[in-house]
Amino acid sequence: METDEIKNLIDIYISPLSQKWKLSHSDNIEIGCPFCKDEKNLSISLSKQIYNCWNCHASGRLLFLFKKFSNLEGLEKYISITKQFSHVSNFDNLFITKEEYKKQEIILPENCISISEIFANKHKIDYIIYEPYIDYLINKRYLDKFLLYKFNIYIDIKNEKIIVPSYDKLGNLNLYFSRGINDKADYFIKGNKNEVIFNEYLINFNIPIILVEGFFDGVRLKNFCPLLGKDLSENSLLFRKIILNNTPILLILDNEKGTIKNKLEIADKIKKYNSKHVIYIGEIKDNSYKDIGSIKNLDIDSFAFYEYNDELKFNLINKL
Ligand SMILES: [Zn+2]
């Protein structure tokens with residue numbers, strides 16, 4: 001039975017070994033919460049495939065739990081059991097509590113297909129037409145299979161685009177961007193980037209966040225959020241949430257002279273609300289690279305971080 005299989009997957013890939021799930025009633029199980037480490041407060045509804053922690057209020061679709069905490073093996077098994085190729089979801093706002101929430105009405109272009117679905121049907125479809133796109137993501141953007149699944153990347157053959165979607169905490173699509181696979185390909189955002197925190201369900205505001213310009217700059221780093229541009233508006237949800245949570249910021253923009261102004265502006269905007277807000281500016285250590293996304297073995301150690309204070313501000317202004 002499907003729910004038993006899902007229970008086993010949760011047991012193996014999500015729940016810490018010491019904290020086995022227990023049946024509460026018919027269709028609900030409770031496990032230790034991987035977000036707040038509370039011992040038993042995360043309830044999972046197997047029929048609705050959603051989770052909710054009564055301690056830290058983390059909530060969302062079960063698929064997200066697998067994307068965030070499982071390895072590739074567990075995620076693939078979950079997808080194949082539940083046939084959840086895409087996030088077609090519009091269930092009621094079950095667990096919305098205090099947080100501001102505004103549903104965005106965004107629909108993906110017709111006929112685009114997710115890469116997990118392409119892989120799952122590799123032998124039934126005309127795989128070769130998708131190959132240049134997958135090749136681009138893997139060999140030019142250095143994403144591995146896990147990241148392709150985790151971010152649910154789509155291919156739109158008709159318009160010759162890659163589509164990267166963003167979902168809110170309930171699994172509703174709230175924005176996407178698309179781009180071609182040529183070097184100078186155009187780039188298009190559908191949705192209001194000020195009202196949306198890109199894939200917010202994957203971001204923890206209680207630990208430092210890495211802010212980068214584009215999705216592909218940050219996708220291989222932990223706890224990142226793309227600005228989808230070079231600036232951060234004070235009216236944006238992302239800005240408000242950073243201020244509200246006093247979230248330490250690691251700001252990494254491309255290594256070119258033009259971005260110095262952006263770094264100063266973003267840092268000063270945040271400092272305006274709290275002069276003690278912790279902000280570090282990251283610079284690519286190997287300065288033969290200008291574009292973060294082009295670094296093959298990218299990780300946090302690819303950057304040197306400098307705390308933003310009066311001295312650093314002075315040095316940056318002098319470089320303008
Ligand atoms: Zn929790």
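Please read these numbers as outputs of a predicted model, since none were measured by experiment. (Residues numbered from 1 in each chain as written. Predicted model: local features only at pLDDT ≥ 70, side-chain atom pairs only at ≥ 80, totals over all residues. Heavy atoms only, no water.)

Some words on the overall build of the protein
- Assigned secondary structure in the protein consists of 10 helices and 15 strands.
- Computed over its C-alpha atoms, the radius of gyration of the protein comes to 20 Å, within 12% of the 20 Å expected for a compact globule of 320 residues.
- The C-alpha extent of the protein, read off along each of the three principal axes, is 65 × 50 × 35 Å.
- Taking all 320 residues of the protein together, the buried fraction comes to 51%. (Helix = DSSP H or I, 4+ residues; strand = E, 2+ residues; numbered from the N terminus. Rg over C-alpha atoms; globule rule 2.2 N^0.38 Å. Buried < 20%, exposed > 50% of the residue type's maximum accessible area, 1.4 Å probe, protein only.)

With respect to the coordination of the zinc ion
- Within the first shell, the zinc ion binds the protein through Cys-33 (SG), Cys-36 (SG), Cys-53 (SG) and Cys-56 (SG), at distances of 2.2 to 2.4 Å.
- Here the zinc ion binds four donor atoms, and the angle range of 104 to 117° at the metal identifies the geometry as tetrahedral.
- Read in sequence order, the donor residues coordinating the zinc ion give the pattern C-x2-C-x16-C-x2-C. Here Cys-53 lies in strand β4 (residues 50–53) and Cys-36 lies in the loop between β2 (28–31) and β3 (42–45), a separation of 17 residues in the sequence. (Donors = N, O, S within 2.8 Å, 3.2 Å for Na, K, Ca; no water. Tetrahedral: all angles 85-135°; square planar, octahedral: opposite > 155°, others 65-115°.)

Details of the packing of helix α9 (residues 259–273) against helix α10 (residues 310–319)
- Between α9 and α10, the shortest axis-to-axis distance is 9 Å and the interhelical angle comes to 150°. One element, α9, and the other, α10, form an angle in the roughly antiparallel class. Pair α9 / α10 crosses with left-handed handedness. Contacts from Ile-260, Leu-264 and Asp-268 in α9 reach Lys-313, Leu-316, Ile-317 and Lys-319 in α10.
- Of the residues assigned to the contact of α9 with α10, the class counts are four nonpolar, no polar and three charged. (Axes fitted to C-alpha atoms, helices over the stretch in contact; angles between N-to-C directions. Parallel < 35°, antiparallel > 145°, perpendicular 65-115°, else oblique. Left-handed = near helix turned anticlockwise from the far one by under 90°. Contact = heavy atoms within 4.5 Å. Nonpolar A, V, L, I, M, F, W, Y, C, P; charged D, E, K, R; others polar.)

Overview of the pairing of strand β14 (residues 279–284)
- Within β14, five of the six residues are buried, which leaves it mostly tucked inside the rest of the structure.
- Bridge count for strand β13 (residues 249–252) against β14 is three bridges, and the pairing is parallel. From the neighbouring strand, Leu-251 faces β14, where its bridge partner is Ile-281.
- Each parallel crossover has a hand, and for β13 linked through α9 to β14 it is right-handed. (Pairing = 2+ DSSP bridges. Right-handed = clockwise from strand over helix to strand, strands pointing away.)

Description of the sheet that holds strand β6 (residues 113–114)
- One open sheet accounts for five strands, arranged β6-β7-β8-β9-β10; its pairing is antiparallel. Single-partner strands in this sheet number two, and they are β6 and β10 (187–190).
- Bridge analysis of strand β7 (residues 154–156) against strand β8 (residues 161–167) gives three bridges, and the strand direction is antiparallel. Opposite Tyr-154, over in β8, you have Ile-163 as the bridge partner.
- In the packing of helix α5 (residues 131–140) onto the sheet, the strands contacted are β7, β8 and β9 (173–179), and the crossing angle to β8 comes to about 60°.

A word on the domain arrangement of the protein
- Each assigned domain of the protein is listed with its residue range as follows: domain 1 (2–82), domain 2 (104–193) and domain 3 (203–320).
- With centres defined by C-alpha atoms, the gap from domain 1 to domain 3 works out at 33 Å. (Domains from an automatic or database assignment.)

A short note on the nonpolar core
- Counting 72 residues, the largest nonpolar core has Ile-10, Ile-44, Phe-66, Ile-115, Ile-153 and Phe-215 as the members making the most contacts within it.
- Discounting residues that sit within four places of it in the chain, Phe-66 has contacts with Leu-9, Ile-10, Tyr-13, Ile-14, Gly-74, Leu-75 and Tyr-78.
- Within the second largest apolar cluster, 25 residues are counted, among which are Leu-227, Phe-239, Leu-251 and Ile-279. (Core = buried A, V, L, I, M, F, W, Y, C linked by side-chain atoms within 4.5 Å.)

Details of the sheet that holds strand β12 (residues 224–226)
- With mixed pairing, the five strands of this open sheet are ordered in space as β12-β11-β13-β14-β15. The open sheet terminates on both sides in strands that have one partner only, identified here as β12 and β15 (303–307). Averaged over all neighbouring strand pairs, the angle between strand axes comes to 30°, with direction disregarded.

Section: the pattern of salt bridges
- A full pass over the atoms with the stated rule returns 11 salt bridges.
- Each member of the salt-bridge network shares a partner with another, and the members are Glu-213, Lys-230 and Glu-256. (Salt bridge = Lys/Arg side-chain N within 4 Å of Asp/Glu carboxyl O.)

A closer look at the confidence of the model for the protein
- Per-residue confidence for the protein averages 86 on the pLDDT scale, and 90% of its residues sit at or above 70.
- Low confidence marks residues 86–100, where pLDDT is under 50. Its contacts with residues over four positions away, or in another chain, come to 35 contacts. (pLDDT = per-residue confidence, 0-100.)

A few points about helix α2 (residues 62–69)
- Most of α2 sits out of view: six of its eight residues are buried.
- By the burial criterion, the buried members of α2 are Leu-62, Leu-63, Phe-64, Leu-65, Phe-66 and Lys-67.

A few points about the packing of aromatic side chains
- Under the criterion given, the structure shown has 17 aromatic pairs.
- Geometrically, the ring pair formed by Phe-35 and Tyr-51 is stacked, given 5.9 Å between the ring centres and 20° between the ring planes. Taken together, the residues span a long stretch of sequence, with Phe-35 in the loop between β2 and β3 and Tyr-51 in strand β4 at a distance of 16 residues.
- Residue Phe-35 is classed as partly exposed on the basis of its relative accessible area, which comes to 28%.
- Among the aromatic residues, ring-to-ring pairing joins Phe-151, Phe-177, Tyr-187, Phe-198, Phe-215, Phe-216 and Phe-224 into one connected group. (Phe/Tyr/Trp six-rings, centres within 6.5 Å; stacked < 30°, edge-to-face > 60°.)

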